[in-house]
Amino acid sequence: PPPAVLSLHNLCICLYILPSLHHRYSSFFFFLMIRRPPRSTLSSSSAASDVYKRQGINAEYGKLCTTMSGEGGIRVISAGMPKTGTTSMATALFILGFNPYDWEQHFDFHHEEWMKILVDGCEPDWKSMYEPAGVNALVDAPTNNFAVELLECYPKAKVILTMREEESWYKSWKQEQLNAYKHYFWWRWLSPTVWKMWNFVFYVNNFQFGTYHPSAKTAQINKFRRHNAYIQAKVPSDQLLVFRVQDGWEPLCQFLGVPVPDVPFPHSNKAATGKGFLSPDKCQLYNSTRGKRASTEIFLATGLGLAGMVVLMTLLLRSVVP
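Please read all numbers here as calculations on a predicted model, not as lab measurements.

A word on unusual backbone geometry
For step 1, the next point in the chain: Following Ala 141, the chain continues to Pro 142 via a peptide bond in cis, the omega torsion being 0°.
For step 2, the next point in the chain: Assignment of secondary structure puts Pro 142 in the loop between β3 (137-138) and α8 (147-153).
For step 3, the next point in the chain: Of note, Lys 83 is a non-glycine position whose phi angle comes to about 70°, a positive value.
For step 4, the next point in the chain: The residue Lys 83 is located in the loop between β1 (76-78) and α5 (86-95) in this model.
For step 5, the next point in the chain: The backbone of Asp 140 shows a phi angle near 70°, a positive value even though the residue is not glycine.
For step 6, the next point in the chain: Within the element layout of this structure, Asp 140 appears in the loop between β3 and α8.
For step 7, the next point in the chain: A residue is classified by how much of its surface remains accessible, and Asp 140, at 6% relative accessible area, is buried.

Put into structure tokens, the structure is as follows:
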């Protein structure tokens, strides 16, 4: 065959093989530039504190009830489905002195463990996952789907079931999934970080809803109802608070036995933009690190792709032009 055909054939093989190597060994390729500090050196409390400062929350209220943060084990389990005020709840718990993990921290620090649980069917070890980092409050997916099992492990914990009207919930949930799909469908092919996040969200959604398709309204509302009914049936009434973000501080603080802070109750992520994955202002400090890592990967992958196209065009021109 002509040299140009062979070159095109070899380039196609490279383009087929490199993405798999890129996704599998991305941490090796990029660790010098964007390596995350080891988990043991990260201070979840200080990281969260820095972010909430940037969000305009007075840091002194994060010092309330500091004895709560000092006690080992999970103290609060937020069992509400996504888009029921979970981001607001995570912020509120931080203000009250807790050290919460929201869905993004579940991904950032425990992706491997959760994939083994959701995909391989392994048994979770809650204590080894969350206690070493001093986490004492769990919010949003995927832990909301294991609220009863977590309560068996931590029988003194209190459970908060964030609620929302069904139609309003589904509209917000669908919009967030569509926005996330629009923003990240193509980027996942260029970034191992986005690819890993995409897979994580896919398996979490399939686990809790039985489908990833955002337009499956009947199925998802059915799961929403079943989940809320299950939590209310299984959790003892004296350990359960059914909560709506409109309720504000009073019922939450009374339930947790903490003083009411002199700040407005947080209302976060109301727009359901689905952009939080790469946004440094969405939730926690780790987002900026993750966003930089993904952006670097996308930049390098795009540069390699453009360089490959230039090489291919050069070879084609040389084979055609005498």
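Regarding a nonpolar patch on the surface
For step 1, the next point in the chain: Together, Val 119, Phe 202 and Tyr 203 make up an exposed nonpolar region whose accessible area comes to about 230 Å².
For step 2, the next point in the chain: Mapping Tyr 203 onto the fold places it in helix α10 (residues 192-209).

About the cut-offs
- Residues numbered from 1 in each chain as written.
- Predicted model: local features only at pLDDT ≥ 70, side-chain atom pairs only at ≥ 80, totals over all residues.
- Heavy atoms only, no water.
- Helix = DSSP H or I, 4+ residues; strand = E, 2+ residues; numbered from the N terminus.
- Buried < 20%, exposed > 50% of the residue type's maximum accessible area, 1.4 Å probe, protein only.
- Patch = residues over 30% accessible without salt bridge, like charges linked within 9 Å, V, L, I, M, F, W, Y side chains within 5 Å.
- Areas by Shrake-Rupley, 256 points an atom, 1.4 Å probe, with all protein chains shown as cover.
- Salt bridge = Lys/Arg side-chain N within 4 Å of Asp/Glu carboxyl O.

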